[in-house]
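Residue strings, one per chain:
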Amino acid sequence: EAQVTQNPRYLITVTGKKLTVTCSQNMNHEYMSWYRQDPGLGLRQIYYSMNVEVTDKGDVPEGYKVSRKEKRNFPLILESPSPNQTSLYFCASSLIFNSYEQYFGPGTRLTVT
Amino acid sequence: SQQGEEDPQALSIQEGENATMNCSYKTSINNLQWYRQNSGRGLVHLILIRSNEREKHSGRLRVTLDTSKKSSSLLITASRAADTASYFCATVGMDSSYKLIFGSGTRLLVRP
């Protein structure tokens, strides 16, 4: 089944404790992206990747890192999480960027205390 | 930065009625997409309309695009309780950035 998977789905952590949210797609998509969703603010893009080893900042990249060493995986790293990073995170992928829809993962609900 | 602004923010209708949601955006676009999100879950793509298209249909969905007014509308005909969800428009700009920018969404409630 074609899908985007994220792990973990739920995470409660403390300020400053490094964490990684994994994202994997099995559709051989070139483009992958991370978003965060906050009430009243909609979805905002954190980082995106056009292909392996090609990443770039979205609108809210501060406090996050990403890597794209393999085509299928695009982990999101929070080196030192803070409470303002409490949010619902979505990974998405598409075949290429323009003209194709994005497939979204199920989301990761992160709480930083 | 938010490109799309949606109107209304919330909409409540009776099953069987039509639901119309509007999206306005600010800059020139390559295409505009509509997504649905059931509460707290991942987004599902509904329809993509390119800047040179004016109208597109998919089942009970009808999307229009007016690039002169920088606006789009999503019409859901003969709504069902299962259509209850949040609906988002998202735009791909004509600039060189590879970003999909989402609107704030419309929460649709379809009452049985």
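Residues numbered from 1 in each chain as written. Chains lettered and ligands numbered in written order. Predicted model: local features only at pLDDT ≥ 70, side-chain atom pairs only at ≥ 80, totals over all residues. Heavy atoms only, no water.

Residue and element names in this part refer to chain A. Here four strands make up an open sheet; going across it, the order is β1-β3-β8-β7 and the pairing antiparallel. Single-partner strands in this sheet number two, and they are β1 (4-7) and β7 (65-66). Strand direction decides the pairing type here: β7 and strand β8 (residues 76-78), joined by two bridges, are antiparallel. Pairing of Val66 across the sheet is with Leu76, part of β8. (Pairing = 2+ DSSP bridges. Helix = DSSP H or I, 4+ residues; strand = E, 2+ residues; numbered from the N terminus.)

Here we come to the state of the cysteines. Per the stated rule, a full pass over the model turns up two disulfides over all chains. Between the sulfur atoms of A:Cys23 and its disulfide partner A:Cys91 the distance amounts to 1.8 Å. Between A:Cys23 and A:Cys91, the S-S torsion sits near -70°, and that sign places the bridge as left-handed. Residue A:Cys23 is found in strand β3 (residues 19-25), and its partner A:Cys91 is found in strand β9 (residues 87-94); the two are separated by 68 residues along the sequence. For B:Cys23, the disulfide goes to B:Cys89, at an S-S distance of 2.0 Å. Given an S-S torsion of about 65°, the disulfide between B:Cys23 and B:Cys89 has right-handed geometry. With a gap of 66 residues between them, B:Cys23 in strand β3 (residues 19-24) and B:Cys89 in strand β9 (residues 85-93) connect regions that are remote in the sequence. (Disulfide = S-S within 2.5 Å.)

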